[in-house]
Amino acid sequence: MRCLGAQSPVSAERTPRHRAWRPQIYRKCTDPAWLLLFFLFWTGLMFIAGSSVAAGATGRLLFGYDSFGNVCGRKNSPVDGAPLSGQDMTLKKHVFFMDSCGLDGKDGRLGPTALCVASCPAEQLHTLEEVQLFANNTGSFLCVYSLSPANYTQNPKAASLCPRLPVPPSKSFPLFNRCVPQTPECYSQFASVRINDADALQRALGGIMSGRDTVLGLCVLAVALSLAVMLTFRVVTRLLVHTLIALVVLGLLFVCGVLWWLYYDYSTALSVALDTERDNVTCLLGLAVVATVLTAVLLVLVFILRRRVTLAVELLRVTNEAIGRCPFLLLQPLGTCAVLLLLWALWVAVLLSLGTAGAAQVTEGGRVEYQPLWGLRYMWGYHLLGLVWTSNFILACQQMAVAGAVATCYFNRNAQDPPDRPLLSSLSILLCYHQGTAAKGSLLIPVVRVPRAALTFISFISSALKGKPSAWSRCLLRCCACCLCCLDGHLRPLHQNAYVATAINGTGFCTSAKDALRLLSEDSSRFTSVSRFGDFVIFLGKVLVACLTVFGGLMAFNYHRTLQAWAVPLLLAAALAYLVAHSFLSVFEAVLGALLLCVAADLHTNDGSPAKPYFMDHELLSFVKRMNRSHRQRPQAAGGSAQNQDGTELRPVVRSAR
């Protein structure tokens, strides 16, 4: 890595006095302090991961464990002071409770002994002879490990070391590697003690572990849907855009209806006071409310922007033309998605270890209990920040690499001599010089989204109170205006356009953000609105992928209501589906943002004359002309001037050899 002050040859000028807005040859490392901070942050993440893996036991959630510290289905290490620990349970994968219908709800730790068995008894065993015969035939020892099957009928203490007869009190079936009673009475008592004894974090993690295969399948579904939407954008037409909007609207309405129906069904069927049931009902209510609000907002936006479908088609066509110059841009999201999926898998594994981190304690009778290490488990906030920062860092690297490739192809005057491997060249420049900028932007940009949302809400309230005659309303309006003026100046530059400016000029994050804002502010009403509308259409594609994935998750998770907190893995699957769609479709956003910034820089530094021809081709030039005409028509309707800001006429590009 060259991020130690070295420079690499990329322009004829080493230190241009004015920003040239051309891909620079001489670069230096940008924002190295933030790269060091990101490295130190990851050092802390590795420490937490190592500590949690050493102190945690994910297998206890996944496979279950007996009362003596043995994880079922695993070969275990002995626990000091527990003589029945450290046994090989490789062939014994189910947890059997010696009295599943007689649990003590007051203290779950004093409940029946749990054992690891090879299979759950499907039929009732009424005598110890039948228990002995079942052990000899199946290898499932239903009495305490210290009692040999040959002594089931001879040992005088067999009544206290073996389960209460009949075994089981009701027919049982294996569920999540546990032998669960089938009759409603035993099932209710079993679930109310064995599940409610766990805290909320363990219930959530247990739901994730039990539904891990479904979550993985939904991620694969999201990848397939994202590829389909991405290919749809490649052959976009007006009909396809209308179809996309219709599918998004219908998908949101359908998902909202299903969520509200499930909430009603679950709340009316809440007969057993189980924490998992209450968790599912609460999560369903939250998901239904969020989905309803999101649906209402998107419906309003779709209605307002319905007449700009033609502009959306033109935007995507221009974007596809830019992608056509570097077709490998469409393959780049596959690598990004693979890295993100690997990151999320490792993050979930460490989270499970954090949730099960505990110290073994031996109690009376040689039983083993695990006391949670609260100091370590409270590090989940740091762990969550690591997920957000690292995911955004990976996406920022993708956007910067794509922007560099687009800028290299755009600022090439010789159409007969295209750049050689622009994407690989952009990736190498990113890895050598601009990782610090990606680390800085990937933290600051998500952080400022919350104040931006608050400012938008304040602006809406201010507009609503603008006509109020009261002094309180006027005072509140002035305060809001002051807050907007103060904060907007600091938050406005913090945008993803800074990545594009860094990829072109090789400057740091703050400098690039200010340069991009200054360049776009000259034509803010023209380029900003176009960019936002294009991003909105691409955002609808992401929402469509998330809606279809959530619908598949609702169909897959709507089972085992009481023993599984399935709303948590459903929420996780929805978030992962949106991020997967974002990693694929953000290529169009990155190409569109980079292209519009390159056009703005082209118009800023050139005037279309033979001495200073534009870099844009004829198709892009025609699009910019149409955009200028539509932009000039609005000021004329409002009484504004119809002249172009630079006073020049857009002329065709003149391609010449270097």
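Within each chain, residue numbers correspond to sequence positions counted from 1 in written order. Local features in this predicted model are restricted to residues of pLDDT 70 or higher, and side-chain atom pairs are both shown and tallied only at a pLDDT of 80 or more, whereas totals for entire chains, interfaces and linings draw on every residue. Excluding hydrogens and water, the side-chain figures rest on all heavy atoms present in the structure.

### Details of the state of the cysteines
Any two cysteine sulfur atoms lying within 2.5 Å of each other are counted as a disulfide. Applying the stated criterion across every chain yields a total of two disulfides. Sulfur-sulfur distance for the disulfide between C72 and C116 comes to 2.0 Å. One disulfide, between C72 and C116, carries an S-S torsion of -85° and so falls in the left-handed class. With C72 in the loop between helix 2 (58-62) and strand 1 (94-97) and C116 in strand 2 (residues 114-117), the pair connects residues that are 44 residues apart, well separated along the chain. Each residue gets one of three labels from its accessible area relative to the maximum for its type: buried under 20%, exposed over 50%, partly exposed in between, using a 1.4 Å probe on protein chains only. We classify C72 as buried; its relative accessible area is 0%. Each sulfur in the disulfide pair C143 and C162 lies 2.0 Å from the other. Helical segments are the DSSP runs of H or I of at least four residues, strand segments are the runs of E of at least two, and each set is numbered from the N terminus.

### Regarding the pattern of salt bridges
We define a salt bridge as a contact between a side-chain nitrogen of Lys or Arg and a carboxyl oxygen of Asp or Glu at a distance within 4 Å. If you walk through the whole model with that rule in mind, you get three salt bridges. With a closest N to O distance of 3.9 Å, D31 and K440 form a salt bridge. Of this pair, D31 sits in the segment before helix 1 (32-55) while K440 is found in helix 15 (residues 435-464), placing the two residues 409 residues apart along the sequence. Looking at D31, the relative accessible area reads 15%, which means it is buried. A salt bridge links K542 to E589; the nearest nitrogen and oxygen atoms lie 3.0 Å apart. Placement of K542 in helix 19 (residues 524-557) and of E589 in helix 20 (residues 567-605) is noted, with a sequence separation of 47 residues between them. The same class applies to K542 and to E589, which are both buried.

### What to know about the confidence of the model for the protein chain
The predictor attaches a confidence to each residue, and that confidence, scored 0 to 100, is pLDDT. Of all residues in the protein chain, 72% have pLDDT values of 70 or greater, and the mean over the chain is 76. Residue contacts are defined here by distance: any two heavy atoms, one from each residue, within 4.5 Å place the two residues in contact. Contacts from residues 1-17, a stretch scored under 50 in pLDDT, to residues over four places away or in other chains number 41 contacts. A low-confidence stretch, residues 635-658 stays under pLDDT 50, and its non-local contacts, those more than four residues away or across chains, total 46 contacts.

### Observations concerning the nonpolar core
What is meant by a nonpolar core is a set of buried Ala, Val, Leu, Ile, Met, Phe, Trp, Tyr and Cys residues, joined one to another through side-chain atoms within 4.5 Å. Judged by nonpolar contacts, the single largest core of 131 residues is most densely connected at L329, Y410 and M616. For L329, the contacting residues outside a window of four places in its chain are I323, V402, A405, V406, L423, V587 and V591. L84, V131, C143 and L147 belong to the second-largest nonpolar core, a separate cluster that totals 27 residues.

### With respect to the side chain of D66
When you line up the elements, D66 lands in the loop between helix 2 and strand 1. His is not counted, nor are the chain ends, whereas Lys and Arg count as positive and Asp and Glu as negative. It is K92 that comes nearest to the buried, bridge-free D66 among opposite-charge side chains, at 8.5 Å. At a separation of 3.0 Å, a polar atom in the side chain of D66 contacts the main-chain amide nitrogen of F68. What qualifies as a polar contact is a pair of N or O atoms within 3.5 Å, subject to a donor-acceptor requirement within protein and to the restriction that residues adjacent in sequence count only when both atoms come from side chains. At 2.8 Å, the side chain of D66 forms a polar contact with the side chain of Y145.

### Quick look at helix 13 (residues 380-410)
The span one expects for a helix is its residue count, reduced by one, times 1.5 Å. Counted at 1.5 Å a residue, the expected span for helix 13 with its 31 residues is 45 Å, and the 45 Å between its end C-alpha atoms agrees. Burial of helix 13 is extensive: 24 of the 31 residues sit out of reach of the surface.

### Thoughts on the environment of R308
Within the fold, R308 resides in the loop between helix 9 (275-304) and helix 10 (309-325). Residue classification places R308 among the partly exposed residues on the basis of a relative accessible area of 34%. Spatially, the C-alpha atoms of R308 and F533 are 8.4 Å apart, while their sequence positions differ by 225 residues.

### Points about the packing of helix 18 (residues 509-521) against helix 20
Note on definitions: angles span 0 to 180 degrees between N-to-C directions of axes, and those axes are lines fitted to C-alpha atoms, for helices only across the stretch in contact. The geometry of helix 18 relative to helix 20 is characterised by a closest axis approach of 10 Å and an angle of 65° between their N-to-C directions. Here helix 20 runs roughly perpendicular to helix 18, going by the angle between their axes. You can see that helix 18 and helix 20 cross each other, and the crossing is left-handed. On the side of helix 18, the interface is formed by A516, L519 and L520, while helix 20 contributes L597, A600, A601 and H604. Three residue categories are used. Nonpolar comprises Ala, Val, Leu, Ile, Met, Phe, Trp, Tyr, Cys and Pro, charged comprises Asp, Glu, Lys and Arg, and polar comprises the others, including Gly. Grouping the constituent residues of the contact of helix 18 with helix 20 by class yields six nonpolar, one polar and no charged. Angle categories are assigned with fixed cut-offs, so that under 35 degrees is roughly parallel, over 145 is roughly antiparallel, 65 to 115 is roughly perpendicular, and the rest are oblique. Two helices that cross are described as forming a left-handed crossing if the nearer one is turned anticlockwise from the farther one by less than a right angle, and a right-handed crossing if clockwise.

### Things to note about the packing of helix 11 (residues 332-355) against helix 13
Where helix 11 contacts helix 13, the two axes come as close as 11 Å, and the packing angle between them is 175°. Relative to helix 13, the element helix 11 is oriented roughly antiparallel. Between helix 11, through Q332, P333, T336, V339, L340, L343, W344, W347, V350, L351 and L354, and helix 13, the contact on the second element is made entirely by W380, H383, L384, L387, T390, S391, I394, L395, Q398 and V402. Among the residues forming the contact of helix 11 with helix 13, the class breakdown is 15 nonpolar, six polar and no charged.

### Concerning the packing of aromatic side chains
In summary, the pairing rule links any two rings of Phe, Tyr or Trp, Trp by its six-membered ring, whose centres are within 6.5 Å, and it sorts them by plane angle into stacked for under 30 degrees, edge-to-face for over 60 and tilted for everything else. Counted under the stated rule, the structure contains twelve aromatic pairs. Geometrically, the ring pair formed by Y410 and F411 is edge-to-face, given 5.0 Å between the ring centres and 80° between the ring planes. Accessibility assignment for this pair places Y410 and F411 in one class, buried. When the centroid spacing of 6.3 Å and the interplanar angle of 50° are considered together, the rings of Y499 and F509 count as tilted. With Y499 in helix 17 (residues 497-505) and F509 in helix 18, this residue pair connects regions lying ten residues apart in the sequence. The residues Y499 and F509 share a single accessibility class, namely buried. Among the aromatic residues, ring-to-ring pairing joins F38, F41, Y382, W389 and F393 into one connected group.

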